[in-house]
Amino acid sequence: MALPPQLKTIQHHLRTAQEHDKRDPVVAYYCRLYAMQTGMKLDSKTPECRKFLVKLMDQLESMKKELSDNESVTQEVVGNAHIENYALKMFLYADNEDRAGRFHKNMIKSFYTASLLLDVLSVFGELSEENIQHRKYARWKATYIHTCLKNGETPQAGPIGMDEEADESGAEGGFWAPGPSQEGSFRGGPLPHFPQDQHQDQELGPGPAPGIGFTQEPGSGAVGPPTGPTANYNNIHIPPGAHAPANTPAELPPPTGDVRLSPEDFTRAQKYCKYAGSALQYEDVGTAVQNLQKALRLLTTGKE
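Here the structure is a predicted model, which is why all the values come from computation and not from measurement.

Draft legend 1. Layout of the packing of helix H1 (residues 11-20) against helix H6 (residues 105-120). Relative to each other, H1 and H6 sit at 105 degrees, their axes nearing to 10 Å. When the axes of H1 and H6 are compared, the pair comes out roughly perpendicular. Contacts between H1 and H6 involve His 12, His 13, Thr 16 and Glu 19 from the former and Lys 109, Tyr 112, Thr 113, Leu 116, Leu 117, Asp 119 and Val 120 from the latter. Residue composition of the contact of H1 with H6, grouped by class: four nonpolar, four polar and three charged.

Draft legend 2. Local environment of the environment of Val 120. Examined against the element boundaries, Val 120 turns out to sit in helix H6. Looking at Val 120, the relative accessible area reads 0%, which means it is buried. The spatial distance from the C-alpha of Val 120 to the C-alpha of Cys 31 is 6.0 Å, given a sequence separation of 89 residues. The residues touching Val 120, leaving out its near neighbours within four places in the chain, are His 13, Tyr 30, Cys 31, Tyr 34 and Ile 83.

Draft legend 3. Summary view of the nonpolar core. Among the nonpolar cores identified, the biggest contains 52 residues, and Tyr 29, Tyr 30, Phe 111 and Ile 145 are the most heavily contacted of them. Among the elements of the structure, H1, helix H2 (25-42), helix H3 (47-66), helix H5 (76-99), H6 and helix H7 (129-150) are those that each provide at least two residues to this core. Take this core: its biggest share by element is 10 residues, from H2. Beyond its immediate chain neighbours, meaning those up to four positions away, Phe 111 contacts Phe 91, Ala 94, Asp 95, Asp 98, Ala 138, Lys 141, Ala 142 and Ile 145.

Rules used throughout
Residues numbered from 1 in each chain as written. Predicted model: local features only at pLDDT ≥ 70, side-chain atom pairs only at ≥ 80, totals over all residues. Heavy atoms only, no water. Axes fitted to C-alpha atoms, helices over the stretch in contact; angles between N-to-C directions. Helix = DSSP H or I, 4+ residues; strand = E, 2+ residues; numbered from the N terminus. Parallel < 35°, antiparallel > 145°, perpendicular 65-115°, else oblique. Contact = heavy atoms within 4.5 Å. Nonpolar A, V, L, I, M, F, W, Y, C, P; charged D, E, K, R; others polar. Buried < 20%, exposed > 50% of the residue type's maximum accessible area, 1.4 Å probe, protein only. Core = buried A, V, L, I, M, F, W, Y, C linked by side-chain atoms within 4.5 Å.

Structural data, given as structure tokens:
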């Protein structure tokens with residue numbers, strides 16, 4: 001069954017789910033859950049949309065049964081941590097490649113997929129301001145670098161500001177991150193690659209539109225400003241290292257002895273500990289330390 005045009009907005013989230021079915025079923029599950037919830041808001045009344053969404057619900061139910069012994073599906077807190085850590089891992093990989101001036105398809109797609117997964121986090125509640133900024137920056141960076149390479153220009157490496165128009169065009173302008181190369185690696189583990197299914201899923205419609213793909217394989221071009229004219233990206237600036245977790249332990253105040261913690265405080269502390277555990281699955285020591293510090297600070301002072 002083809003994806004109805006009214007639900008085109010969720011096409012890329014569904015494709016991301018398909019790409020992760022074998023590699024990370026938890027990511028695939030939550031991508032489809034986000035797509036289903038978003039699709040219900042977009043159009044659940046017309047017959048073709050209703051039929052498509054019912055089929056998607058059935059698929060989600062089947063996945064939920066298959067993953068019934070997986071805490072990332074049965075416990076929202078763990079699922080939230082799993083998706084957030086996965087998204088930020090992709091963001092950090094792409095950001096490091098960008099800062100090093102290594103512009104290639106896999107980096108572009110990592111930026112864009114990170115932004116899609118940050119969308120998916122909304123199934124757990126409102127996004128934090130930090131994740132909103134990460135999503136905006138990642139989506140804009142993917143579009144900006146893709147456009148530069150498509151036009152034969154050298155993108156500006158590293159953090160630069162961006163304007164609202166550029167971000168909006170990247171968010172809704174039909175950007176499609178092309179298939180990846182196999183370059184680069186994550187800190188502490190191999191880079192997940194993104195092979196295109198040889199049998200394109202017809203439900204998601206065609207792949208990239210003509211003219212969107214690269215005409216040549218971008219390599220590690222010279223670092224420097226674009227050779228052509230650039231927009232005035234001046235509204236948002238991501239300072240160097242602003243996205244990165246703390247790598248060194250911070251000074252924690254000693255327990256005061258009379259701290260009174262509410263049930264909500266215990267829930268938040270438990271959440272931070274689970275975030276840390278999830279980060280360690282990816283050997284991401286910095287994020288684990290940061291979340292454990294938050295839990296300790298909360299438990300010893302009653303404040304975050």
